[in-house]
2 protein chains.
Amino acid sequence: MGQNAKDVSSLVVGLDFGTDSVRALVVDAATGEELAGEVAYYPRWAAGMYCDPAENRFRQHPLDYIEGMEAAVRGALAKLPPGTAQRVKGIGVGTTGSTPAPVDAHGRPLALGPEFSENPNAMFILWKDHTAVEEAGELNHAARHWGGTDFTKYVGGVYSSEWFWAKILHVLRHDGAVGAAAFSWVEQCDWIPALLTGTESPLRIKRSRCAAGHKAMWHEDWGGLPPEEFLVHIDPLLRGIRGRLYTDTYTAAEPAGRLTPAWAERLGLPPGIPVAVGAIDAHVGAVGGGITPGVLVKIMGTSTCDIMVVPRENLGGKLIGGICGQVDGSVIPGLIGLEAGQSAYGDVYAWYRDLLSWPLRVLLPESSLVDRETGEELHRQLVDELLRRLSLEAAGIPAGSTGLLALDWLNGRRTPYADQTLKGAIVGLSLGSTAPKIFRALVEATAFGSRAINDHLMKEGLEIKEVIALGGIARKNDFVMQVLADVLDMPIKVAVADQACALGAAMFGAVAAGLYPTVEEAQAKMGRGFSKTYTPDPGNAAAYRRLYQGYLNLGRMLEAARSVQGEGVLL
Amino acid sequence: MGQNAKDVSSLVVGLDFGTDSVRALVVDAATGEELAGEVAYYPRWAAGMYCDPAENRFRQHPLDYIEGMEAAVRGALAKLPPGTAQRVKGIGVGTTGSTPAPVDAHGRPLALGPEFSENPNAMFILWKDHTAVEEAGELNHAARHWGGTDFTKYVGGVYSSEWFWAKILHVLRHDGAVGAAAFSWVEQCDWIPALLTGTESPLRIKRSRCAAGHKAMWHEDWGGLPPEEFLVHIDPLLRGIRGRLYTDTYTAAEPAGRLTPAWAERLGLPPGIPVAVGAIDAHVGAVGGGITPGVLVKIMGTSTCDIMVVPRENLGGKLIGGICGQVDGSVIPGLIGLEAGQSAYGDVYAWYRDLLSWPLRVLLPESSLVDRETGEELHRQLVDELLRRLSLEAAGIPAGSTGLLALDWLNGRRTPYADQTLKGAIVGLSLGSTAPKIFRALVEATAFGSRAINDHLMKEGLEIKEVIALGGIARKNDFVMQVLADVLDMPIKVAVADQACALGAAMFGAVAAGLYPTVEEAQAKMGRGFSKTYTPDPGNAAAYRRLYQGYLNLGRMLEAARSVQGEGVLL
């Protein structure tokens, strides 16, 4: 009762720094119940500042995070009775990643100083920034040919242009001034807790195990980050940086420090409360969504991030090939966190929606398209309506009856065995292939891509007893989710928490504050359960078992055809 | 001078019975100059009578032909000074085909009698009617397994459901009354000249070599139509029909007879002038467009019909595999006429246009979509505008740069080696695959399909020195034609005559009337030349040589994958 009485009165704050906004959630530490939440959009980002989409350059100013966080926390607390904030006992933090920034010797991102305040290279390089494609290519080449250990082996064997070292090297090469001024580099999930806890020296910042392991090739096997020798082999410009980064890393269950009086004042929270070490949003969201061993959590949006946790002894030192990393404690302390994913999911549907709305965009001048009855402009609402109508019509087509088969690799393939050069396909086209039939084939293709991941993980010896889905697609599209359940031939539970990542962050805040001894106990008490379960239809599942073999055959065929033909010839 | 003086004063009438309408062209026999023309639409057909598109049943009432022909000829003559009609010396006829109808012992289509006037089975079964798919399948099976000669060998080895015998058998099976009342069967191109010349007995109708050879398995090798024994082997219902059909066939250069006084009166033409034997429109059009040995004439519309003529001695008895027939005199007397084609050409673009206009159809209620400035309804004009805009945008994309590769088999493959079960495909899709890029890939795919036909014919030893294009696509779409020239790496001349088929019919009328001794001389004098030549761009041609190999590979791969997997699995 004493423990319970204490819990009832305790609150925690979960912070989720997303791509466009930051969300603050004030949560009852005993039940996980959301008492108040607030979202604050990043003003500079919303204005398109510091970005160049044509060049895939996406940067974020640290002031967007600072101002956003302040507005979100204050906004959430303002919805609660006076004095409620005094019950907050801890803060947890999830952020995008890999989203690194250069910092000075005081841990301050360079863009916060006057010299670099408008320089995109001195800001956070957002996860989806692809300016470092060349550097990633060199890094992969070096990893395979330098003569020593392949340091990419725990991140799936292919280092991405979206990750830490590639981005650092790109900035060093293209902006000598920033390179010279950078004492060290931080991930977004490292910096926010450091900021809140007043941890100034980059050498004392408690670095996220999750970001380090999945994005920076940190691993116990080689005593932390890859050795200086390897980094210098990639490019001498990297010399000396490793020594100003870190050796130790921490799970999000540990406190990064305590909230400084100054930040307590700014946020309206009690000073001195623990702030948890940060972690990457998908991993934090998986915890908020209810991940446990045997469960695959799918965060379904434009792409998917698929997370599992496995007891170390179950894996027995085995290296899982073709995934995006296996890191001890990246999700839950004491368990190996696995990351996989599909490069495009909702993006496949968005591509098709944009394709079909080409005539609306090109032929109908926005200014002249009006509804005769209401006088309203139809443009935007039409495009929004399109996917809903396609889903409706496609849902009426029996499983496996379109005569079509598609490959979902429109943005390459992430898992299994990342290959960004692979492409999508639609075969079986006839003059009777209608827009809804093609949409259905694309939805089936994304589901087949999910099945290929599940099958790969199971072939590698992992047990998947259950799938939990989070994210926009999971919450919004019944048709897509039912096809996924039918194709996986496995029930899919949709987490009730709209804000699984913020809830997960709150759970970590609670553990870091000592309200629960383990993440698992926090999950057990604070978990919000599921809003819906999609159960496979046995007939559809049978139809899809056959069609899935076609998907695998088509993929193998096109992959092999491409690789034997050499450059220039598409097939 | 005497010959010339005579020509100057002589006119001929060309009749082109198309799918929707009949066109009459009054032509100067000396120059081919068009003096007047008129198109009359079939009223019953336009009203959708006797057809069921959902069942692919397309029938035409003989009254549509009679009334249309009368209106067209009278309409054309009405545009000329009084007395001009007296200078008309002959009539030529091209029609669709295979478009057979059952006739009574007086050569009258059954639908013209009171008993069957509203019975679709007693009417002309239009070329594109697909009700006889089952019967065609049985016929093909019989041809291969009955133990004797394969009577499909001169029509490419596969008998189509669109052809004569399959359609007859279908009616016999499904309409006993019509079967019992049918004394014989005629093709549309047989019946029109018989009607105009008063040839009543079906046994005396001069049958078209073109229709007989390409659609009814007529060949000199087996003394005409396939033997009774074979026909009865297919189905005993066919017993006795062969004997009430024909043994001899005639080229369109020969007169079928002379215009009866009654029909002269109805049409406003001089009685007693020769009417040429009929032929199928594509073949007649090829003559009007300027076909000679070494030239491939492409009639480009929803599908293509590709026609060549080859001196018998050049072919040396060789059987050309995988085409739609080789028939002595089907195009020009004394030359072997070859027919090939693509099952979908313009239809591929129409399919894509319909796909992209799905949102316009489904989301925008026709009644409420108006232009704010003009108040006009936008619906129809938007859909019409779509292909024009796609062509414009696609034309701006460099050859071979879309990253895409498509297969044009959306309606199966006609040549080489007909296989209606093959399907289309688009591979190489990425999130950057825009509507114009995909359109370009589809246009390239149809051109690759053309190239595959050219290459096949050349591999079979035929020489193609030149391509002449006719039809809607050839006249209307510069972009499509330029891509075709680049892919074929061969100049393409577009015939100046908008109405190549009616002009070709007029040429046959002139020869049948004795104004010219041969079709070749009629072509030389009456040919109208070319409006435009598309010259291949060497850079594009080189890019397409490479991409074409990809097209062939992709086709082979998908064809092979399908055939080894068995039923149910698409690949």
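Conventions adopted
- Residues numbered from 1 in each chain as written.
- Chains lettered and ligands numbered in written order.
- Predicted model: local features only at pLDDT ≥ 70, side-chain atom pairs only at ≥ 80, totals over all residues.
- Heavy atoms only, no water.
- Salt bridge = Lys/Arg side-chain N within 4 Å of Asp/Glu carboxyl O.
- Helix = DSSP H or I, 4+ residues; strand = E, 2+ residues; numbered from the N terminus.
- Buried < 20%, exposed > 50% of the residue type's maximum accessible area, 1.4 Å probe, protein only.
- Domains from an automatic or database assignment.
- Contact = heavy atoms within 4.5 Å.
- Buried area = accessible area lost by both parts, 1.4 Å probe.
- Polar contact = N/O pair within 3.5 Å; in protein donor to acceptor, adjacent residues only side chain to side chain.
- Core = buried A, V, L, I, M, F, W, Y, C linked by side-chain atoms within 4.5 Å.
- Expected span 1.5 Å × (residues − 1).
- Pairing = 2+ DSSP bridges.
- Axes fitted to C-alpha atoms, helices over the stretch in contact; angles between N-to-C directions.
- Parallel < 35°, antiparallel > 145°, perpendicular 65-115°, else oblique.
- Left-handed = near helix turned anticlockwise from the far one by under 90°.
- Nonpolar A, V, L, I, M, F, W, Y, C, P; charged D, E, K, R; others polar.
- Phe/Tyr/Trp six-rings, centres within 6.5 Å; stacked < 30°, edge-to-face > 60°.
- Lys NZ or Arg CZ within 6 Å of the ring centre and 35° of its normal.

Visitor: How do you make sense of the pattern of salt bridges when you look at a structure like this?
Guide: Working definition: two side chains of opposite charge can pair if their charged atoms are close together. Per the counting criterion, the structure on display carries 46 salt bridges over all chains. A salt bridge links arginine 451 of chain B to aspartate 455 of chain B, with the shortest nitrogen-to-oxygen separation between them at 3.5 Å. You can see arginine 451 of chain B and its partner aspartate 455 of chain B sitting in helix α16 (residues 435-459), four residues apart, about one turn around the helix. The exposure class of aspartate 455 of chain B is partly exposed, given its relative accessible area of 24%. One network of salt bridges, in which partners are shared, links Glu135, Glu138, Arg173 and Asp235 of chain A.

Visitor: It is not clear to me how the domain arrangement of chain A should be interpreted in this structure. Could you clarify?
Guide: It is common to report an interface's size as the accessible area lost on association of the parts. Residues and elements named next belong to chain A. Parsing chain A into structural domains produces domain 1 (11-289 + 497-529) and domain 2 (346-496 + 532-560). When each unit is reduced to the centre of its C-alpha atoms, the spacing between domain 1 and domain 2 is 32 Å. Facing the nine residues of domain 1 at the interface are six residues of domain 2. The three residues of domain 1 that bury the most area against domain 2 are Gly289, Ala497 and Asp498, which together make up 56% of that side's buried surface. Here domain 1 and domain 2 share one residue pair in polar contact (both at pLDDT 80 or more) between them.

Visitor: Before we go on, may I ask you to explain the nonpolar core in this structure?
Guide: One broad trend across soluble globular proteins is that nonpolar side chains are buried collectively. Ranked by internal contacts, the top residues of the largest apolar core, which has 155 residues, are Tyr352 and Met481 of chain A together with Tyr352 and Met481 of chain B. Once residues within four sequence positions are removed from consideration, methionine 481 of chain B is found in contact with Met300, Ala469, Ile473, Ala474, Ile492, Val494 and Tyr534 of chain B.

Visitor: Is there a simple way to explain the side chain of glutamine 499 of chain B in this structure?
Guide: Looking at the element boundaries, glutamine 499 of chain B is found in the loop between β20 (492-495) and α19 (500-512). Look past the residues within four positions of glutamine 499 of chain B in its chain and what remains in contact with it is Arg23, Leu25 and Glu34 of chain B.

Visitor: Please explain the side chain of serine 391 of chain A as it appears in this structure.
Guide: In this fold, serine 391 of chain A is placed in helix α15 (residues 379-395). If near-sequence neighbours (up to four positions away) are discounted, serine 391 of chain A is found in contact with Phe439, Asn477 and Phe479 of chain A.

Visitor: Would you take a moment to explain helix α16 (residues 435-459) of chain A for this structure?
Guide: Residues spaced three or four apart along an α-helix face the same direction, because each turn holds 3.6 residues. All names here are of chain A. The first and last C-alpha atoms of α16 sit 36 Å apart over 25 residues, in line with the 36 Å expected at 1.5 Å per residue. Counting buried positions along α16 yields 21 of 25 residues, so the element is predominantly enclosed. Following α16 by one or two positions, glycine 461 adopts a phi angle in the positive range, close to 100 degrees.

Visitor: So what exactly am I meant to see when it comes to the sheet that holds strand β19 (residues 466-470) of chain A here?
Guide: Where strands meet in a sheet, backbone hydrogen bonds hold them as pairs that are either parallel or antiparallel. Residues and elements named next belong to chain A. Taken together, seven strands build an open sheet; the order of strands is β14-β15-β13-β12-β19-β20-β21 and the sheet is mixed. Looking at which strands have only one partner, the edges of the open sheet turn out to be β14 (326-328) and β21 (530-534). Each neighbouring strand pair of the sheet contributes to a mean axis angle of 25 degrees, computed without reference to strand direction.

Visitor: What should I look at first to understand the pairing of strand β2 (residues 21-28) of chain A in this one?
Guide: Consecutive side chains along a regular strand alternate between the two faces of the sheet. Residue and element names in this part refer to chain A. With seven of its eight residues buried, β2 lies for the most part within the structure. In terms of strand pairing, strand β1 (residues 11-17) meets β2 through seven bridges, oriented antiparallel. What sits directly across from aspartate 16, in β2, is arginine 23. With seven bridges connecting them, β2 and strand β3 (residues 34-41) associate as antiparallel partners. Looking at β3, one finds that arginine 23 is bridged to valine 39.

Visitor: So what exactly am I meant to see when it comes to the environment of threonine 249 of chain B here?
Guide: All names here are of chain B. For threonine 249, the position within the fold is in the loop between α9 (228-234) and β9 (255-258). The exposure class assigned to threonine 249 is buried, which follows from its relative accessible area of 7%. In the structure, threonine 249 is positioned 80 residues away from glycine 329 in sequence and 9.8 Å away in space, judged by C-alpha atoms. Ignoring sequence-local partners within four residues, the contact set of threonine 249 consists of Arg207, Ser208, Arg209, Ala212 and Trp218. Here arginine 209 takes part through its side chain, which lies 2.5 Å from a polar atom of the side chain of threonine 249.

Visitor: Would you take a moment to explain helix α19 (residues 500-512) of chain A for this structure?
Guide: Residue and element names in this part refer to chain A. Spanning 13 residues, α19 covers 18 Å between terminal C-alpha atoms, matching the ideal 18 Å at 1.5 Å per step. Judged by how many residues are buried, α19 sits mostly within the fold: 13 of 13 residues are covered. Among the residues trailing α19, glycine 514 stands out with phi positive, at a value near 80 degrees.

Visitor: When you look at the packing of helix α13 (residues 346-356) of chain A against α16 of chain A in this model, what are you seeing that I'm missing?
Guide: A pair of packed helices is captured by two measures, namely the crossing angle of their axes and the spacing between those axes. Residues and elements named next belong to chain A. Contact geometry for α13 and α16: axes closest at 10 Å, N-to-C directions at 160 degrees. Classified by the angle their axes make, α13 and α16 are roughly antiparallel. Our pair here, α13 against α16, has a crossing hand that is right-handed. In contact with Val348, Tyr349, Trp351, Tyr352 and Leu356 of α13, α16 contributes Ala435, Ile438, Phe439, Leu442, Val443 and Thr446.

Visitor: What's the story with the environment of glutamine 188 of chain A in this structure? I'm lost.
Guide: All names here are of chain A. Tracing the backbone through its elements, the reader meets glutamine 188 in helix α7 (residues 188-197). For glutamine 188, a relative accessible area of 0% gives the class buried. Separated by 317 residues in the primary sequence, glutamine 188 and alanine 505 place their C-alpha atoms 14 Å from one another. Aside from chain neighbours lying at most four places away, what touches glutamine 188 is Phe17, Tyr42, Tyr65, Thr95, Thr96, Thr99 and Phe124. In terms of polar contacts, glutamine 188 uses its side chain to reach the side chain of threonine 96, at 2.8 Å.

Visitor: Would you mind showing me how to read the packing of helix α4 (residues 133-145) of chain B against helix α5 (residues 164-174) of chain B here?
Guide: Residues and elements named next belong to chain B. Relative to each other, α4 and α5 sit at 120 degrees, their axes nearing to 8 Å. With respect to α5, the element α4 is oriented oblique. Considering only the axes of α4 and α5, their crossing is right-handed. Of the residues in α5, those in contact with Glu135, Ala136, Glu138 and Leu139 of α4 are Trp165, Ala166, Leu169, His170, Arg173 and His174. Each residue belonging to the contact of α4 with α5 can be placed in one class, and the counts come to five nonpolar, two polar and three charged.

Visitor: Could you clarify how one ought to interpret the packing of aromatic side chains in this entry?
Guide: The description of an aromatic ring pair uses the distance of the two centres, along with the angle that the planes make with each other. Under the counting rule described, the total for this entry stands at 42 aromatic pairs over all chains. Their ring planes at 40 degrees and their centres at 6.1 Å tell us that phenylalanine 439 of chain A and phenylalanine 479 of chain A sit as a pair that is tilted. You can see phenylalanine 439 of chain A sitting in helix α16 and its partner phenylalanine 479 of chain A sitting in helix α18 (residues 478-488), a full 40 residues away along the chain. Neither phenylalanine 439 of chain A nor phenylalanine 479 of chain A differs from the other in exposure class; each is buried. Ring geometry for phenylalanine 164 of chain B and tryptophan 165 of chain B: centres 5.5 Å apart, planes at 80 degrees, overall edge-to-face. Take phenylalanine 164 of chain B and tryptophan 165 of chain B: they sit in the same class, and that class is buried. Taken together, the ring pairs connect Tyr345, Tyr349, Trp351, Tyr352, Phe439 and Phe479 of chain A into an aromatic cluster. The cationic tip of arginine 266 of chain B hangs over the ring face of tryptophan 263 of chain B; the distance from NZ or CZ to the ring centre is 4.2 Å.

Visitor: Would you mind going over the environment of glycine 97 of chain B with me for this structure?
Guide: All names here are of chain B. Turning to its location among the elements, glycine 97 is positioned in the loop between β5 (88-95) and β6 (100-103). Note on glycine 97: relative accessible area 18%, which makes it buried. Separated by 36 residues in the primary sequence, glycine 97 and valine 133 place their C-alpha atoms 17 Å from one another. What glycine 97 contacts, discounting residues up to four positions off in sequence, is Trp127, Glu187, Lys215 and Ile280.

Visitor: How should unusual backbone geometry be read in this particular structure?
Guide: Across the chain, the bulk of peptide bonds are trans and the bulk of non-glycine residues have phi less than zero. Looking along the chain, the bond that leaves glycine 97 of chain A and enters serine 98 of chain A is cis, with omega of 0 degrees. Position of serine 98 of chain A relative to the elements: it lies in the loop between β5 (88-95) and β6 (100-103). Across the junction of threonine 415 of chain B and proline 416 of chain B, the peptide omega takes the value -5 degrees, indicating a cis bond. As for its position among the elements, proline 416 of chain B is in the loop between β17 (405-407) and β18 (424-429). Here the phi dihedral of methionine 217 of chain A falls at roughly 60 degrees; this positive angle occurs in a residue that is not glycine. As for its placement among the helices and strands, methionine 217 of chain A is situated in the loop between α8 (209-215) and α9 (228-234). Of note, tyrosine 417 of chain B is a non-glycine position whose phi angle comes to about 60 degrees, a positive value. Mapped onto the elements, tyrosine 417 of chain B comes out in the loop between β17 and β18.

Visitor: Explain the pairing of strand β12 (residues 295-300) of chain A to me, please; I cannot follow it from the model alone.
Guide: Residue and element names in this part refer to chain A. Counting buried positions along β12 yields five of six residues, so the element is predominantly enclosed. Here five bridges tie β12 to β19, and the two strands are oriented parallel to one another. Note on β19: the bridge partner recorded for leucine 296 is valine 467. In this sheet, strand β13 (residues 304-311) lies alongside β12 in antiparallel orientation, the contact comprising four bridges.

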